[in-house]
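Residue strings, one per chain:
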Protein chains: 2
Amino acid sequence: MKQMNIKALARELNLSVSTISKALRDSYEISESTKQRVMQLAEKLNYKPNPYASSLRGKKSRNIGVVIPEVADSFFSLAINGIESIVKEKGYHVLICLTHEDFESEQAILKEFQSGRVDGVLMSVSSETDAGGHIHELIEQDVPIVLFDRVLKEVPAARVITDDMESGYKATKHLIDNGCRRVAFLGLSKKLSISNDRLKGYEKAMHEYGWRIGKKDVVTCTTDQQQNIRAVKKLLQQPNRPDGIVASVEKLAPVVYQACNEESLRIPQDVKVVCFSNLEIAAMLHPSLTTITQPAYEMGQKAAAMLMRLLDKKPVQTADMEVIIPSKLVRRGSTSI
Amino acid sequence: MKQMNIKALARELNLSVSTISKALRDSYEISESTKQRVMQLAEKLNYKPNPYASSLRGKKSRNIGVVIPEVADSFFSLAINGIESIVKEKGYHVLICLTHEDFESEQAILKEFQSGRVDGVLMSVSSETDAGGHIHELIEQDVPIVLFDRVLKEVPAARVITDDMESGYKATKHLIDNGCRRVAFLGLSKKLSISNDRLKGYEKAMHEYGWRIGKKDVVTCTTDQQQNIRAVKKLLQQPNRPDGIVASVEKLAPVVYQACNEESLRIPQDVKVVCFSNLEIAAMLHPSLTTITQPAYEMGQKAAAMLMRLLDKKPVQTADMEVIIPSKLVRRGSTSI
DNA sequence: CTGAAAGCGCTAACAG
DNA sequence: CTGTTAGCGCTTTCAG
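Because the structure is predicted, anything quoted here is derived from the model rather than measured.

Conventions adopted
- Residues numbered from 1 in each chain as written.
- Chains lettered and ligands numbered in written order.
- Predicted model: local features only at pLDDT ≥ 70, side-chain atom pairs only at ≥ 80, totals over all residues.
- Heavy atoms only, no water.
- Near = heavy atom within 4 Å.
- Polar contact = N/O pair within 3.5 Å; in protein donor to acceptor, adjacent residues only side chain to side chain.
- Helix = DSSP H or I, 4+ residues; strand = E, 2+ residues; numbered from the N terminus.
- Nonpolar A, V, L, I, M, F, W, Y, C, P; charged D, E, K, R; others polar.
- Buried < 20%, exposed > 50% of the residue type's maximum accessible area, 1.4 Å probe, protein only.
- Expected span 1.5 Å × (residues − 1).
- Arc of directions from axis to C-beta.
- Contact = heavy atoms within 4.5 Å.
- Phe/Tyr/Trp six-rings, centres within 6.5 Å; stacked < 30°, edge-to-face > 60°.
- Buried area = accessible area lost by both parts, 1.4 Å probe.
- Salt bridge = Lys/Arg side-chain N within 4 Å of Asp/Glu carboxyl O.
- Pairing = 2+ DSSP bridges.
- Axes fitted to C-alpha atoms, helices over the stretch in contact; angles between N-to-C directions.
- Least-squares fit on C-alpha atoms with pLDDT ≥ 70 in both.
- Right-handed = clockwise from strand over helix to strand, strands pointing away.
- Core = buried A, V, L, I, M, F, W, Y, C linked by side-chain atoms within 4.5 Å.

### Side note on the protein's contact with DNA strand D
Right, so step 1: DNA strand D sits among 27 residues. The nearest are Lys22(A), Arg57(A), Lys59(A), Tyr47(B) and Arg57(B).
Right, so step 2: The contact atoms of DNA strand D, taken as those within 4 Å of the protein, divide so that sugar and phosphate hold 59%.
Right, so step 3: Asn50(B) has a polar backbone atom sitting 3.3 Å from a phosphate oxygen of DNA strand D.
Right, so step 4: The set of elements that each furnish at least two residues to the surface near DNA strand D consists of helix 2 (17-24) and helix 4 (51-58) of chain A together with helix 1 (6-13), helix 2 (17-24) and helix 4 (51-58) of chain B.
Right, so step 5: A per-class count over the surface near DNA strand D returns seven nonpolar, 11 polar and nine charged.

### As for the protein's contact with DNA strand C
Right, so step 1: Around DNA strand C, the surrounding shell holds 27 residues, and the nearest of these are Ile6(A), Tyr47(A), Arg57(A), Lys22(B) and Lys59(B).
Right, so step 2: Take Arg57(B): an N or O atom from its side chain is 3.3 Å from a base nitrogen of DNA strand C.
Right, so step 3: Listed by contribution, the elements that provide at least two residues to the surface near DNA strand C are helix 1 (6-13), helix 2 and helix 4 of chain A together with helix 2 and helix 4 of chain B.
Right, so step 4: Residue composition of the surface near DNA strand C, by class: seven nonpolar, 11 polar and nine charged.

### Quick word on unusual backbone geometry
Right, so step 1: The residue after Ile267(A), namely Pro268(A), is reached through a cis peptide bond having omega 5 degrees.
Right, so step 2: Secondary-structure assignment places Pro268(A) in the loop between helix 11 (252-262) and strand 9 (272-276).
Right, so step 3: You will see that His100(B), though not glycine, has its phi angle at about 55 degrees, which is positive.
Right, so step 4: Although it is not a glycine, Asp142(B) adopts a positive phi angle of roughly 65 degrees.
Right, so step 5: The exposed category is assigned to Asp142(B), whose relative accessible area is 55%.

### Topic: helix 3 (residues 32-44) of chain A
Residue and element names in this part refer to chain A.
Right, so step 1: For helix 3, which comprises 13 residues, the first-to-last C-alpha distance of 18 Å matches the rise-based estimate of 18 Å (1.5 Å per residue) to within 8%.
Right, so step 2: Taken together, the buried positions of helix 3 are Thr34, Lys35, Val38, Leu41 and Ala42. End-on view of helix 3: buried residues confined to an arc of 140 degrees, all on one side of the axis. Exposed residues lying more than 90 degrees from the buried face of helix 3 are Glu32, Gln40, Glu43 and Lys44.
Right, so step 3: Of the surrounding secondary structure, the elements contacted by the buried residues of helix 3 are helix 1 and helix 2.
Right, so step 4: Looking one or two places after helix 3, you find Asn46, whose phi comes out positive at around 60 degrees.

### Structural notes on the packing of aromatic side chains
Right, so step 1: Summed over the entire model, instances satisfying the criterion amount to five aromatic pairs over all chains.
Right, so step 2: With 5.1 Å between their ring centres and 80 degrees between their planes, Phe75(A) and Phe76(A) make a pair best called edge-to-face. Residue Phe75(A) shares its accessibility class with Phe76(A), and that shared class is buried.
Right, so step 3: Summarising the aromatic geometry, the rings of Phe185(B) and Tyr202(B) are spaced 5.3 Å apart at their centres and angled 35 degrees between planes, so their arrangement reads as tilted. Within this pair, whereas Phe185(B) is found in strand 6 (residues 183-187), its partner Tyr202(B) is found in helix 9 (residues 193-208), the two being separated by 17 residues in sequence.
Right, so step 4: A relative accessible area of 1% means that Phe185(B) is categorised as buried.

### Some details on the interface of chain B and chain A
Interfaces are often sized by the accessible area lost when the parts come together.
Right, so step 1: Counting residues at the interface gives 51 residues for chain B, matched by 50 residues for chain A.
Right, so step 2: Buried surface at the junction of chain B and chain A, both sides included, amounts to about 4900 Å², of which 57% is carbon and sulfur.
Right, so step 3: Our count for the contact surface shared by chain B and chain A stands at zero salt bridges.
Right, so step 4: Only helix 4, helix 5 (74-87), strand 2 (93-98), helix 6 (103-113), helix 7 (133-140) and helix 11 (252-262) of chain B provide two or more residues apiece to the side of chain B that touches chain A.
Right, so step 5: The leading source of residues in the side of chain B that touches chain A is strand 2 of chain B, at six residues.

### Concerning the sheet that holds strand 12 (residues 328-330) of chain A
Residues and elements named next belong to chain A.
Right, so step 1: Taken together, six strands build an open sheet; the order of strands is 7-6-8-9-10-12 and the sheet is mixed. One side of each edge strand has no neighbouring strand; the edge strands of this open sheet are strand 7 (218-220) and strand 12. Taken pair by pair, the neighbouring strands of this sheet meet at an average axis angle of 15 degrees, ignoring direction.
Right, so step 2: As judged from the three bridges shared by strand 10 (residues 290-293) and strand 12, these two strands associate in the antiparallel manner. Bridge pairing links Ile292 to Leu329 in strand 12.
Right, so step 3: Each of strand 6 (183-187), strand 7 and strand 9 is contacted by helix 9 (residues 193-208), which is oriented at about 170 degrees to strand 6, the strand it contacts most.

### Quick word on the sheet that holds strand 9 (residues 272-276) of chain B
All names here are of chain B.
Right, so step 1: Ordered by their spatial adjacency, six strands build an open sheet running 7-6-8-9-10-12, and the pairing between neighbours is mixed. Two strands bound the open sheet, and with one partner strand each, they are strand 7 (218-220) and strand 12 (328-330). In this sheet, neighbouring strand axes are inclined to one another by 15 degrees on average, regardless of whether the strands run parallel or antiparallel.
Right, so step 2: Two elements, strand 8 (residues 244-247) and strand 9, share four bridges in a ladder whose sense is parallel. Looking at the pairing, Val246 lines up with Val274 of strand 9.
Right, so step 3: Those strands touched by helix 8 (residues 164-177) are strand 6, strand 8, strand 9, strand 10 (290-293) and strand 12, and its axis lies near 165 degrees from that of strand 9.

### Some thoughts on the relation of the copies chain B and chain A
Right, so step 1: For these two chains of identical sequence, chain B goes onto chain A by a turn of 180 degrees and a shift of 0.1 Å along the axis, with RMSD 0.1 Å. What we have between these two chains is a two-fold relation.

### A closer look at the side chain of Ser288(B)
Residues and elements named next belong to chain B.
Right, so step 1: Inspection of the secondary structure assignment puts Ser288 in the loop between strand 9 and strand 10.
Right, so step 2: Residue classification places Ser288 among the buried positions, given a relative accessible area of 18%.
Right, so step 3: From its side chain, Ser288 meets the backbone nitrogen of Gly333 in a polar contact 2.7 Å long.
Right, so step 4: Each residue touching Ser288, except ones within four places of it in the same chain, is listed here: Tyr257, Ala282, Ala283, Arg332, Gly333 and Ser334.

### Focus on the pairing of strand 6 of chain A
Residues and elements named next belong to chain A.
Right, so step 1: Of all five residues in strand 6, five are buried; the element is thus mostly enclosed.
Right, so step 2: Taken together, the four bridges between strand 6 and strand 8 (residues 244-247) define a ladder with parallel strand orientation. Looking at the pairing, Val183 lines up with Gly244 of strand 8.
Right, so step 3: Between strand 6 and its parallel partner strand 7, the chain crosses via helix 9, and the hand of that crossover is right-handed.

### Focus on the pairing of strand 10 of chain B
Right, so step 1: When strand 9 of chain B meets strand 10 of chain B, the two strands line up parallel, connected through three bridges. Bridge pairing in strand 10 of chain B places Cys275(B) opposite Thr291(B).

### Notes on the nonpolar core
Right, so step 1: Core analysis: the largest hydrophobic core is formed by 104 residues, its most contacted members being Phe113(A), Val121(A), Leu186(A), Phe113(B), Val121(B) and Leu186(B).
Right, so step 2: Apart from the residues lying within four places of it in its own chain, the contact partners of Phe113(A) are Gly65(A), Val67(A), Leu95(A), Cys97(A), Val118(A), Val121(A), Leu138(A) and Val143(A).
Right, so step 3: Judged by nonpolar contacts, the second largest core, of 58 residues, contains Leu98(A), Phe148(A), Ala158(A) and Ile96(B).

As structure tokens, then:
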């Protein structure tokens, strides 16, 4: 069955295509009676406007691109829900593109987006991203972009982040307050804003309390989970091993638990752990996991709302270019005996 | 900066638009030398073909729609990864649409997809879906669709599923083999294929071993987690309460743990638990959770591959219309003392 | 090997 | 209030 189109409707009703078009868009130029007739026939014949024709004509696609490293991660999946809740209202569709933490892929995706395929972009950069040329290029093509969570400091794009430094500080302080004296930090990449900021908070807390940070106590993890387990085990095999761990991304929770297990170290008796995570199930871990829980859904919503505003060409105050939504420390079993 | 287009390239090189078009698509009609010139200039001027113009002209969008109830669920997020790994190769984009387990939304989305916005659809139906009219309509508009995981039995569409009945049977048998005599089953909806099939397997195992199923031992859960916790608590408050639970979807894992906790019942001593889940972190639960783990990634891949074949108009054998990939029982602490 | 021209379905200026 | 017409950017005959 062929797609019904405006021309066919016009023929059927002995009207011109423009009349149909206007009637469908509820234009004031068209009489109520014809609007009725048109709407009814459209309904009856199951007419669906071709979005590509509209896009071509109107230079807007009603698609927004969401570029993230990964979906199988509770932060990102919750953020997607937040994004979707906002853009759906405005009649936009969500095109999800995964970088798998690969900078080349990220560049390729943004390049593709220069084609006009999307009207705007929401992005959380990959752990390999340390330059913003591709973002600049996109902006130059007048495709608005809002970064969220993982941002690039030097790119002057709108952004929604959480208080990463403060959270790293809170996590570390919480461990120290609970008796830890040698706390280790697990980051994801030296290039990553969130990793670095959380690290800064960690360093601040350690210094503030006068604890020194061992050379090997800041571990940079990779995307290879087995390798990460080995790295954490090695960390814990040191003669004067850490008695506290701040894991800066969700992926590392199983890694730390596994490593402690294999090293026969008990959580929290031997090692206390705080992990950045949004997993609902963190409370049911063995032991339950103390987390820094990010406002994932809200961040997605806020970022999407900012993008919608940009798309409406409403002037956005410079002051509104950066939004910070705080994370929460949720105390659980992994940090208290 | 304005979008570069074919016309501009043509003007620049003193060629016609059709020559440019052909050169860009590497047509045999064009000389090597002009191809070179065209390619080079296109590269230099950062030319990106407008996908909507191509779509309008060629009647294909290179988008595929993925319709699922939820992203914040490890099964679906892994399936998305699988889907993406396949369609990306073929130059397709993934448009993700969330139904939030709502049938009306699902219908609206498929309706929208009749517009030609996508070339094909991959879908896992909502828990409220019990009729396939919307799917039929889509097929009638020549939009191929492949269902995965949650399918509708009576719809004659291609499908990729796991061995749900067998898995329900395995899970239940495992509990019985570990000493349970009164096993309860938590389903998600009476309308849902996977829930029903898993339930059938459960019933089969119970009957096979001669255990009767109490009236209240099959619980239908909802999307409201608090309500689910209350329901499970009620289940466990019965005088002759179940000593085993099969939870048929991942969402229910925290519910069961929470309910047992609030009822002061120990897992696995008082109640043994098997849950359908793909969470990596299941192994670190307290206690570690025995799961039926579905081949989520593979199912996504297979479903996408089937859709690609449908889009290529390659004849698909009726025998290939249904693919079943088995799930695995992973024994852990929640079912053994 | 290259070009002219038609048209995909829709919108919007302009005319009546 | 309704119709005519000219594109949006691209592909594809069909002619040279």
